[in-house]
Amino acid sequence: MKEKLELILNNATQEINNSQSVQELDDVKLKYLSRKGELNSIKKNLKDLSDEEKRVVGSLANSVSNKLEELISIKNNQLYKKELNRKLEEERIDITLPADYRPHGKVHPLTQTINEITEIFQGLGFSIMPQEDSPEVETEYINFDMLNFPPNHPARDMQDTFYTKTAPNVILRSQTSGAQIRQMLHQAPPIRVISPGRVYRCESVSARKNNLFHQIEGLMVDKDITFADLKGILNEFVRIYFGSARPTRFRASYFPFTEPSAEVDVQCIMCSGKGCRTCSGTGWLEVLGAGMVHANVLRNVGIDTETYSGFAFGMGVERLTMLKYAINDIRLFFNNDMRFLNQF
Ligand code: PHE
């Protein structure tokens, strides 16, 4: 028995020393020290020995067991530290490495202007018409007929309007004013709405003109609406959009769907006097068209002209953006040159 115990001590010590991982060490511990382990099977056989032998072998077995426990605990400590260090080494992050370059996307300057202007009008009590309520592929009926354009009006001409081949009288809208019709057919007064969106015109492209651009349409219909309300709202808009001290000018003009009609100018923001390239020396810049909704238009949508009146306006988003940021070529908005877009 004594020799057997010494053999166990020797073998176990060797196996402990040879263990390469905490897992391996646990297996050794199981093999020698568990209830079904080799030491226990010797202790079970003690009952067959004499009292004297029992004491000697028993105490020897205990001291072997203690010795092994101690060795295992020391080895376990070493292995644990070793594994921890290896893990830390493997998972180490080099914080001095340069980070990946992830460019941030930006809101397009035209979208910025649309957001800014819609916010201003929301502050003045206008709601925003969802884009899907006023489509870019529109009928001639909405874009022209309902807006009091006579059948032979030059704006309908192939030179100005894109016609589709798929269906007769289906066009790419040449203005957002059709949104007025759609809104009034959809809702009874009082109405106070703006409608931003794309419009198309068959024009040759230049620094000033593109055949795709954006407009924001405005419409207010209620009892007792007068031209003074229109002036008040538009002056307030210009004041907020261009900053406080910018005078405006209302010039008499003509649109088939408004009467009276006006074009609104703001004082040139870049003006260098007589030779100014921005305003051609006039000192004024046209920013929008407006007027009182024509009685024929109200009648077309079944609104009682005795009770109600209204005003409408339409502004060019590109133009307003160009004026605010002194941009001299409309094509810059559509070329997607990052050197341009990054400035906003
Ligand atoms: N639709 C006109 C245009 O495109 C602008 C406008 C809108 C004028 C509303 C008056 C009222 O030029």
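We now turn to the structure provided with this report. (Residues numbered from 1 in each chain as written. Predicted model: local features only at pLDDT ≥ 70, side-chain atom pairs only at ≥ 80, totals over all residues. Heavy atoms only, no water.)

Of all 8 residues that make up strand 9 (residues 309-316), 6 are buried, and the element is covered over most of its length. As paired strands, strand 5 (residues 212-222) and strand 9 are joined by 8 bridges and run antiparallel to one another. Looking at the pairing, Ile216 lines up with Met315 of strand 9. Here 5 bridges tie strand 8 (residues 284-293) to strand 9, and the two strands are oriented antiparallel to one another. When the sheet's bridge partners are listed, Ala290 is paired in strand 9 with Phe313. (Buried < 20%, exposed > 50% of the residue type's maximum accessible area, 1.4 Å probe, protein only. Helix = DSSP H or I, 4+ residues; strand = E, 2+ residues; numbered from the N terminus. Pairing = 2+ DSSP bridges.)

A word on the environment of Leu39. Structurally, the position occupied by Leu39 is in helix 3 (residues 38-44). The exposure class of Leu39 is buried, given its relative accessible area of 3%. Excluding residues that lie within four positions of it along the chain, Leu39 makes contacts with Leu5, Ile8, Tyr32, Leu33, Ala61, Val64, Ser65 and Leu68. (Contact = heavy atoms within 4.5 Å.)

Contact geometry of helix 2 (residues 22-33) with helix 4 (residues 51-90) gives a least axis separation of 9 Å together with a crossing angle of 170°. With respect to their mutual orientation, helix 2 and helix 4 come out roughly antiparallel. Every residue of helix 4 that contacts helix 2 at Val22, Leu25, Lys29, Tyr32 and Leu33 is listed here: Ser65, Leu68, Glu69, Ile72, Lys75, Asn76, Leu79, Tyr80 and Glu83. Looking at side-chain class alone, the contact of helix 2 with helix 4 contains 8 nonpolar, 2 polar and 4 charged residues. (Axes fitted to C-alpha atoms, helices over the stretch in contact; angles between N-to-C directions. Parallel < 35°, antiparallel > 145°, perpendicular 65-115°, else oblique. Nonpolar A, V, L, I, M, F, W, Y, C, P; charged D, E, K, R; others polar.)

Here the focus is the site of the ligand. Around the ligand, a shell composed of 14 residues is seen, among which Gln175, Ser177, Arg201, Gln215 and Gly314 lie nearest. A distance of 2.9 Å separates a nitrogen atom of the ligand from a polar side-chain atom of Ser177. The separation between an oxygen atom of the ligand and a polar side-chain atom of Arg201 is 3.0 Å. Protein chains bury 89% of the 330 Å² of accessible surface belonging to the ligand in isolation. Elements supplying a minimum of two residues to the shell around the ligand: strand 5, strand 8 and strand 9. Considered class by class, the residues forming the shell around the ligand number 5 nonpolar, 7 polar and 2 charged. (Near = heavy atom within 4 Å. Polar contact = N/O pair within 3.5 Å; in protein donor to acceptor, adjacent residues only side chain to side chain. Areas by Shrake-Rupley, 256 points an atom, 1.4 Å probe, with all protein chains shown as cover.)

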